[in-house]
Structure formats: C-alpha cells, structure tokens
Amino acid sequence: MFAAALVAVLASCTGLVIPLVLKWIVDGPVAERDTAGVWAGGALLLGVGVLEAGLFALRRWLSARPLAGVEAAMRADIYGHLQRLPVSFHDRWPSGQLLSRATTDLELLRRFLSFGVTFLLVNAVTVMVGCIILLSQQWTLGLVVLGPFVPLVWMCAVFEYRYSHAARRAQDQIGDLTTLVEESVLGIRVIKGFGRHRSQARAFRALSERLLGTELEKARLLARIWAVIMLLPELAIGAALVLGTLQVAQGHLSAGTLVAFLSTALALRWPVESTGFLLALSNESATATDRFFEVLDEPLPADVLVKSAPERGTPDGPRGGGLRFSRVVFRYPDAPDGTRPVLDGVDLHVCPGETMALVGATGSGKTTLTALVPRLHEVTAGRITLDGDDIGTLSRADLRSRVAVAFEETTLFSATVAENVLMGADGPAHAAMPALPPPRPGSGAQAAPDAARNSATPDGAADDRVPPPGRLTPGAPPLPGHAAPEHRAGKPAGQRAGLDRALRVAQADGFVAALPHGSATQVGEQGLSLSGGQRQRLALARAVVGRPSFLVLDDPLSALDVHTEAAVEAALREVLASTTALVVAHRPSTVLLADRVALLSGGRIAAVGTHHELLRSSEEYRRLMSGENNEREKERS
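Since the model is a prediction, treat every value here as computed from it, not as a measurement. The residue numbers shown here count from 1 along each chain, following its written sequence. With the structure being a predicted model, the display of local features is reserved for residues of pLDDT at least 70 and the display and counting of side-chain atom pairs for 80 or more, all residues being used for whole-chain, interface and lining totals. Heavy atoms from the whole structure form the basis of all side-chain values; hydrogens and water molecules are not counted.

Asks: Explain the sheet that holds strand β5 (residues 389-390) here, please?
Replies: Across a sheet, paired strands are connected by hydrogen bonds in the backbone, their directions being either parallel or antiparallel. In space, the 4 strands of this open sheet follow the order β2-β1-β4-β5, with antiparallel pairing throughout. Looking at the sheet topology across the chains shown, the edges are occupied by β2 (343-350) and β5. By the convention used here, strands pair only if DSSP detects at least 2 bridges between them. Numbering of helices and strands runs from the N terminus; a helix is a DSSP stretch of H or I covering at least four residues, while a strand is a stretch of E covering at least two.

Right under this line is the structure:
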C-alpha cells in the first residue's frame, strides 16, 4: 500500500513538470523560432506523459493484490466473529443487516482503500506542490488562484457533516431492504400459500422509495458541493488569466511564465474538483467502517466460564454422573427488569445411560432448557454438570463434542445429504462444506419440491418406496466435487459406516438411497427439496452419527407419520440404550421411549417419575397426555 501511494504521488508530481516544460518551450524555442528545439520540447513532453501513465499503471498493479487480500481478510474476520457470537446476538440482529455489513459495507471499504485513500494523499501532495510552483512563478497571481480556498474548506466541512448522516441512513436502509428480500425468498411458500405477494411487494416498494429518497438527498448534497468546488476555482483561474494577460502586455511577465502558470492551475483542477467525490466516498466508508465494527466489537462470550471444576467425590462428582441441573435459573438477556425468569430453580438429574422425557405445556421453557445444555444460552444462576463436570468449566469445543442436539426446527444446508449428516460427526472431514453451484436452468430442480410433496404421506413424511427428487434430476451427472457415493474418493470407511448407521437409525436410508445420487445428492437451500418428515429424519441422523455421550432431542418425531414414527422409535431405542438422553416430548408414543418423565411447569420441575406413575399422580400430566390442555389453549385463543 505504501509503495502504491508513493508511486501515485510521483506520477501526479510528474504531471506538474509538463507546465515547466511548456514554459521553457514558449520562452525558448518558440520565442527564438528554433524548430529543432520545439521538436525536442515535444519529445520531452511525450516522454513525461508516458512516464506519468506508466507510474499510474504501476500504482494500480501494486495496490490490487494487497487490497483484495485486505477485503478477503476483513470478510473472513466478520464471518468468523459472527460464528462465535452467542445466539442472543443473532436473536437481536436482523440477518439482512449482517449480510449488508459483510458485503456492501466491505465493498465500500475496498473502494475507499483502493482509490479514496490513495488519491486523498495524492491530491493533497499535488495541491501543495502546485501551490508552491504557482507562488514561485508569480505570487500575486498565485494569491488570486488560492483565494477561494478558505470558503471551500468551510463548505466542505458543512457538506461532510450532512452527507455522513445521509450515508448512514442509506446503508441502514439497504440492510432493512436486504432483510425483507431474504425473508421473502425463504418464506416464498407462505407468501404464495396465503396470496400475500402484493402486500410483500408494497412493503418492498415502501422500503425502496425510502432508500430512493435518501439516495436523492445524497445526490443533492453532492451536486451542490460539486457545483461550488467547480465554480470558485474556475472564477479564480479566469481572474488570474485576465490579470496575467495585462501583466504580459505591460512587460511585467513573460508569455512562457503565464502559459506555465495557467497550465499548472489547470493541472490542479482535477485534484480540487475531485474533492467532493472523495469526501462523499470517505463519509460512506467511515459509515461502513462504523457499521462493520459494530459487529466486530461485539464481545465474545467467555469460552470457559468457571476456572475450577468440582472436586471428585462430591455430589456432583462421579456419584452424581449423567446430566444434572442444579437450581438452574434462566432469564433472557434482553428481558425487561422485573420479568419472571423462564426457568426458576430447575433441579433435575438424568442418570448415566438413562433417557428422560421432558414434558410441559406450550411456552413452559422446554426448548430453552435443552438449549442450556450445549451452552447456546448461558444460565443466569445455578449449574449444569455432565458426569460431574460443570459445563462452565468446559470449552465449547469439548462440550459440544460430548453433546449432540436435534432441534425442533430442522435446518439443512445447501450441501449433500452426507455433508449435512456428517456435521454431527467428529473429525475435520465434514468441518467445512464446499460452496455448491446452483442447479442448471431446466434441470428439473424447480419441480423437485412439488414431486417430493406429491410422494409424501399426509403428515409430510415421504413414503420411502417413492423416491422424492432432489436438487439433481435422475440421470444427470453429479455436480463437480459431489460424485455419487460409489464413486466418491477419500471418504474413510469408518465415516461411511457411521453415516449408514445414522441413516438407518433415523429410518432415512430408504429415501436417501432412492435419491438420484444417494447420499451425494444436494438437498438445496434449507432442504426444501425434501418433505418435512425427511428433513427431520436427516436432522435426527445428524444428532446420532457421532455416537455422543449425551443426546438432547427436541420433539424429534413431530413431523413423522405413525408407521415411520414407530420404525424410528424402534431403531432409536438401541441408540438411547448407550447414551444419556433428554428428550422433549409432546406425544405419549415419544414419552414411552424414556425411562422416566419430568414435568416442567411454572419454570420448575413439578414432578418426576415413570409415565404410568405420573398418569396416576399428576393431574396436569394427565391433561397434557390426553390433549385436554391443548383444547383449553385453543378455547382461550
């Protein structure tokens, strides 16, 4: 960067040599009618021009690679930081605002670093050197040309203040617009299903018009300052021309000096006139930098919360192994003061190798409790231990190597079935999923979701005997880097065996084998080329593929039909027999997978026992299992 700026300064200063050469030509060869001297002067001008052009080209070459590297590094920094920020941060921030900071704002920064910074320095040096030349040639005319400098500085300061506010509004509005577009794309089925495309279009148009108004305000501010910046120097040069002509006529100034003076003044026009553009770019970049560091300055949560672990032999030590919640309290960080905690003194012990079902009414905090185990949220008070180890003493990497989670809302990525499932396995082979190209137009990808729905059972779980199309059409070659399983090289045998086992446990092996390229078939963004039941089974396979010591399942069978649910439960019993599991359940069939059941009510564990014991002893549990509680909620609504 320094070398590029230095070369640019040299190139600009080289341009100021041209007026001095013109002065020598006019006062020398032209005045003396020396033809050879004129030709020599012309050749010298040509050489200076070629040198200037070569230096500018060298400046561009020197700055391109480092600046591209800076942009890439900053983009990697913000992405890595976003991955490490807590879930509560992502709950607060619209995704469009984060996307615009990682794309639009970084593009503005790159433009400023590649062009703005260099030419602010170049223009400043050029103007300083030019002013020295002007004053040394004829100081009276130099003062005339420099006269508008003071009002220009004042007007630029006013412009910078107003333009920075408008630039910030525009970039925030771009983030809002990005959020709306992303939500519309991800929710296109809901929009079409309810016929809300017109209301979405109106919302988009309203945000676009608001952004248009802000951009027009920026354009008006820029037009005004540019008009002033261009007008005042032109008036000053015109006045200098008149005064200089009079001095030449009176014999006080040579023609060559006047030509050199005016050429130097004209050479300074671009550095002065570009001030408005550079100020606008500087303000936009300053705003982009503020927005970028708003995210990057967000503090990361501590990887280890508690330095000292409990001593072995304590109640939370080996004798109290398994998964234990001790007086756990949790309140969301952004909850108003005085709000009752979502969880208020939860005490629960899941013994080693035991499966505990967690039951409660809607909104009782079941999902929140399960999110505390992998530390997606941090407990407000109390502690959670795994085999006697406080999870606060474990690094997140260590903790999440012990615990696997299947969430209620299934999320799949734009990758193959195998890559989605193996995200839950240990080892680096699955750690980074490659960027996949979009399907080719006309490849049948658009029809895939509909075909999958047509082959699905009423609950949305596709019949395994009917292969729902994936993002690739049958018979089409695999996408680059995603060959069919039998042709994939480099997949370890153990990893392949683990994948097959996980798919069998989740009863997903049948429909996966029927996909065009088996487990190498792309599932598309959010897995929308698959049915809801298929997505849920892949999420379950992802949770069990790593053979975790602790398994947390949040209503893992809600999207399955009765027959598929029974098959999954039968296979899942084998997995649960060798792990400690906490399963959020809403149906009696899921509850029967568990050794014991915990009833969560009022932010606390109200009762613990077997399914039949709670049916006898807890009226609230009987209501939940019989569906009476759900009927009452419907009546209230």
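Next comes the rest of the account.
Asks: Teacher, can you tell me more about helix α2 (residues 17-30) here?
Replies: Because an α-helix packs 3.6 residues into every turn, residues spaced three or four apart end up facing the same way. Given a rise of 1.5 Å per residue, 14 residues ought to cover 20 Å, and the 18 Å separating the end C-alpha atoms of α2 matches this to within 8%. Burial classification: accessible surface area is computed with a 1.4 Å probe over protein chains only, and a residue below 20% of its type maximum counts as buried, one above 50% as exposed, and the rest as partly exposed. Of all the residues in α2, the buried ones are Pro19, Val21, Ile25, Gly28 and Pro29. Multiplying 1.5 Å by the helix residue count minus one yields the expected span of that helix.

Asks: Please explain unusual backbone geometry as it appears in this structure.
Replies: Most peptide bonds adopt trans geometry, and most residues besides glycine take a negative phi value. Backbone geometry at glutamine 507 places phi at a positive 55 degrees, although glycine is not the residue there. Residue placement: glutamine 507 occurs in the loop between α18 (493-505) and α19 (509-513). Positive phi is not limited to glycine here, since arginine 547 has a value of about 50 degrees. Take arginine 547: it is sitting in the loop between α20 (532-544) and β7 (550-554). Under the relative-accessibility criterion, arginine 547 is labelled exposed at 60%.

Asks: Hey, could you run me through a nonpolar patch on the surface in this one?
Replies: Patches in this entry comprise residues that are over 30% relatively accessible and not in a salt bridge; like charges within 9 Å are linked, as are nonpolar side chains (Val, Leu, Ile, Met, Phe, Trp, Tyr) within 5 Å. Surface exposure here means Shrake-Rupley accessible area, sampled with a 1.4 Å probe, where a residue is shielded only by the protein chains that are shown. A pair is scored as a salt bridge if a Lys or Arg side-chain nitrogen falls within 4 Å of a carboxyl oxygen belonging to Asp or Glu. Residues Leu135, Trp139 and Leu143 make up a contiguous nonpolar surface patch of about 330 Å² in total accessible area. Relative to the assigned elements, tryptophan 139 resides in helix α7 (residues 139-146).

Asks: Could you clarify how one ought to interpret the pattern of salt bridges in this entry?
Replies: Should the charged atoms of two oppositely charged side chains come close, the side chains can pair. Under the criterion given, the structure shown has 23 salt bridges. Ionic pairing is found between arginine 168 and aspartate 172, a salt bridge with its closest N-O pair at 3.0 Å. Of this pair, arginine 168 and aspartate 172 both sit in helix α8 (residues 149-186), 4 residues apart, which is roughly one turn of that helix. Judged by its relative accessible area of 24%, arginine 168 is partly exposed. Accessibility expressed as a relative area gives 22% for aspartate 172, which makes it partly exposed. Arginine 596 serves as the salt-bridge partner of glutamate 354, at 2.4 Å between the closest nitrogen and oxygen. Taken together, the residues span a long stretch of sequence, with glutamate 354 in the loop between β2 and β3 (355-360) and arginine 596 in strand β9 (residues 596-601) at a distance of 242 residues.

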